[in-house]
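The chain contents come next:
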Protein chains: 2
Amino acid sequence: MTQKAIFYHAGCSVCIDAERQIAAALDPARFDVEIVHLGNDRARIADAEAAGVASVPALVIGGAPLHINFGASLADVKGAA
Amino acid sequence: MTQKAIFYHAGCSVCIDAERQIAAALDPARFDVEIVHLGNDRARIADAEAAGVASVPALVIGGAPLHINFGASLADVKGAA
């Protein structure tokens, strides 16, 4: 059975590098990785906030946020509407 | 063939959480993960710096550093000698 992992990003170059390095590196036998672009899918910003995501790129595994390097704050992503 | 991934940490709780969430989640078919505790293995601090690691916990994959959340700066780790 796989566990859900959500990778939140906003299309920035830091995000894309992190996606290639981390989201693609998780064990596919154990993790079902969903990639969410918060710039394109703004309805998901509330989910990211609820999971404790403060900046992107971030990976949420088991409900806990892991902020990976720093692309943009969630406030900036929200402000870019 | 597996690629080398090095997870640098310093024993802090943020580090240990990240180790459980990320280092353990990488695909073992593709990555050979080495865990390095810089507090215990101070000779490796120079390797971490050379890879661009500025804070721990950090994961170096393909030579590029990914800083995951924030436990301590590398300067703090060095200062704790």
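Our subject is the structure that appears above.
In this text, all values refer to a predicted model and were calculated from it rather than measured experimentally.

## Remarks on the overall build of chain A
Reasoning step 1: Scanning chain A for helices and strands turns up three helices and four strands.
Reasoning step 2: The helix and strand sequence of chain A, counted from the amino end, reads β-α-β-α-β-β-α.
Reasoning step 3: The globule rule puts the C-alpha radius of gyration for 81 residues at 12 Å, and the 12 Å found for chain A is close to it.
Reasoning step 4: Taking all 81 residues of chain A together, the buried fraction comes to 43%.
Reasoning step 5: In chain A, the share of contacts with a sequence separation of at least 24, taken over all contacts with a separation of at least 6, comes to 63%.
Reasoning step 6: In the form shown here, chain A has an accessible surface area of approximately 3800 Å², with 54% of it arising from carbon and sulfur atoms.
Reasoning step 7: Of the side chains in chain A, 6 bear a positive and 9 a negative charge, and the two mean positions are spaced by 1 Å.

## As for the pairing of strand E3 (residues 55-61) of chain A
Residues and elements named next belong to chain A.
Reasoning step 1: By the criterion of burial, E3 is predominantly enclosed, with seven of the seven residues buried.
Reasoning step 2: Two elements, strand E1 (residues 3-9) and E3, share four bridges in a ladder whose sense is antiparallel. By the bridge assignment for E3, Ile6 is matched with Val60.
Reasoning step 3: Here E3 hands over to strand E4 (residues 64-73) after two residues, with Gly62 in that stretch at a positive phi of 60 degrees.

## A word on the nonpolar core
Reasoning step 1: Within the largest apolar cluster, 24 residues are counted, with the highest numbers of intra-cluster contacts made by Leu26, Leu59 and Ile68 of chain A together with Leu26, Leu59 and Ile68 of chain B.
Reasoning step 2: Listed by contribution, the elements that provide at least two residues to this core are E1, E3 and E4 of chain A together with strand E1 (3-9), strand E3 (55-61) and strand E4 (64-73) of chain B.
Reasoning step 3: Once residues lying within four places of it in the same chain are set aside, the contact partners of Leu26 of chain A are Ala5, Phe31, Val33, Leu59 and Ile61 of chain A together with Ala25, Leu26, Asp27 and Arg30 of chain B.

## So, the state of the cysteines
Residues and elements named next belong to chain A.
Reasoning step 1: Counted under the stated rule, the structure contains two disulfides over all chains.
Reasoning step 2: Each sulfur in the disulfide pair Cys12 and Cys15 lies 2.3 Å from the other. Since a negative S-S torsion denotes a left-handed disulfide, the Cys12-Cys15 link at about 70 degrees is right-handed.
Reasoning step 3: Assessed through its relative accessible area of 0%, Cys15 is described here as buried.

Reading guide: rules and limits
Residues numbered from 1 in each chain as written. Chains lettered and ligands numbered in written order. Predicted model: local features only at pLDDT ≥ 70, side-chain atom pairs only at ≥ 80, totals over all residues. Heavy atoms only, no water. Helix = DSSP H or I, 4+ residues; strand = E, 2+ residues; numbered from the N terminus. Rg over C-alpha atoms; globule rule 2.2 N^0.38 Å. Buried < 20%, exposed > 50% of the residue type's maximum accessible area, 1.4 Å probe, protein only. Contact = heavy atoms within 4.5 Å. Areas by Shrake-Rupley, 256 points an atom, 1.4 Å probe, with all protein chains shown as cover. Lys, Arg positive; Asp, Glu negative; His and termini not counted. Charge placed at Lys NZ, Arg CZ, Asp CG, Glu CD. Pairing = 2+ DSSP bridges. Core = buried A, V, L, I, M, F, W, Y, C linked by side-chain atoms within 4.5 Å. Disulfide = S-S within 2.5 Å.

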